[in-house]
Amino acid sequence: MKKTVIHIVDYSFSIGGSQILNHVDLRISEGEYVSIIGPNGAGKSTLLNCIMRIYRGGQGRIGIDGRDITSYSQRKLARLISYIPQQDITGFPVTVGDFVLMSRYPHMSPFSTIRERDREIVREALEITGCAHFAKRNLATLSGGERRTVSIAAALAQGSRIMLLDEPTTFLDPKHERDIFALIGRINRELGYTILMVTHDINHAALSSDRIGILKNGECVYYGDPRSMMNNDVLAPLYGTSFSFIPHPANGFPIILPEGGDR
């Protein structure tokens, strides 16, 4: 049986008197691919921010690798978990290689020099993600899809084995969306990383994940098998609309059929 690497128990969190998360329970095992879906304002991004301790406090417990999250320094936590937020990285006036190298900070002291091992890890991350050929380019010259791939390279170079991603394909065109999802899947399957991803793409979450968590009004109203939630009994009350389902042509898995419009 695989060990539990993220264990959230009866966790609630408020901001400015507003309850954002309500008694959330989640258990994620090493090497799992877990997607969190749900309507806007459900608390999905807040949950990731609480796991990363960007937001502190709350009631209940968040455990990482068998220890309460409060027992870790931020540097030690960063050795276990990497985080790719929704925000773009255009504000960093650095090259791709230097940006990825910055992610090695949890393994350095403020006065240490960059080791050859750090540079080797960065080169490996750039190769795995396909970023090596533009390592010397400034981030501002890259497309949105390329910048998002660089963010994943930085998360790999960070050296943590748990990767949190907040809507990693937002604003991307279909090709880059497909490429990013394929890269995340490969990191999970081939490298054994634990993936916890927030997404609005219900079909991709269902097809790719080991388990799905659904948040609504801050509560985890579903956590389990992807196939079991691909029906209107589960999804229609959550999103306030019904869906049409068809079998996927490759594997028969139920997927949501896009609306045909008014014509």
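Quick summary incoming for the structure in this document. As the structure is a computational prediction, the values presented were derived from the model and not from experiment.

## Here's the deal with the sheet that holds strand β10 (residues 219–224)
So, step 1. Overall, mixed pairing links the six strands, which are arranged β6-β7-β8-β3-β9-β10 in an open sheet. With partners counted over all chains shown, the strands left at the sheet margins are β6 (81–84) and β10, one partner each. Geometrically, the sheet is characterised by an average inter-axis angle of 15 degrees between neighbouring strands, direction not taken into account.
So, step 2. Packing against the sheet, helix α1 (residues 44–51) makes contact with β3 (33–37), β6, β7 (162–166), β8 (194–198) and β9 (211–216), and its axis sits at approximately 145 degrees to β7.
So, step 3. Packing against the sheet, helix α9 (residues 232–239) makes contact with β3, β9 and β10, and its axis sits at approximately 35 degrees to β9.

## Some words on the packing of aromatic side chains
So, step 1. A full pass over the atoms with the stated rule returns three aromatic pairs.
So, step 2. On the numbers, 5.6 Å between centres and 0 degrees between planes, the contact of Phe 13 with Tyr 55 is stacked. With a gap of 42 residues between them, Phe 13 in strand β1 (residues 4–15) and Tyr 55 in the loop between α1 and β4 (59–64) connect regions that are remote in the sequence.
So, step 3. Residue Tyr 55 is classed as partly exposed on the basis of its relative accessible area, which comes to 31%.
So, step 4. Each member of the aromatic cluster is reached from another via a ring pair, and the members are Tyr 239, Phe 243 and Phe 245.
So, step 5. Taking the ring centre of Tyr 72 as reference, the NZ or CZ of Arg 67 above it sits at 4.2 Å.

## Description of unusual backbone geometry
Residues other than glycine predominantly adopt negative phi, and peptide bonds predominantly adopt the trans conformation.
So, step 1. Phi is positive for Asp 10, close to 50 degrees, though the residue is something other than glycine.
So, step 2. Its place among the elements puts Asp 10 in strand β1.
So, step 3. Of note, Arg 53 is a non-glycine position whose phi angle comes to about 65 degrees, a positive value.
So, step 4. With respect to the element layout, Arg 53 can be found in the loop between α1 and β4.
So, step 5. You can call Arg 53 buried: its relative accessible area is 10%.

Conventions we followed
- Residues numbered from 1 in each chain as written.
- Predicted model: local features only at pLDDT ≥ 70, side-chain atom pairs only at ≥ 80, totals over all residues.
- Heavy atoms only, no water.
- Pairing = 2+ DSSP bridges.
- Helix = DSSP H or I, 4+ residues; strand = E, 2+ residues; numbered from the N terminus.
- Axes fitted to C-alpha atoms, helices over the stretch in contact; angles between N-to-C directions.
- Contact = heavy atoms within 4.5 Å.
- Phe/Tyr/Trp six-rings, centres within 6.5 Å; stacked < 30°, edge-to-face > 60°.
- Buried < 20%, exposed > 50% of the residue type's maximum accessible area, 1.4 Å probe, protein only.
- Lys NZ or Arg CZ within 6 Å of the ring centre and 35° of its normal.

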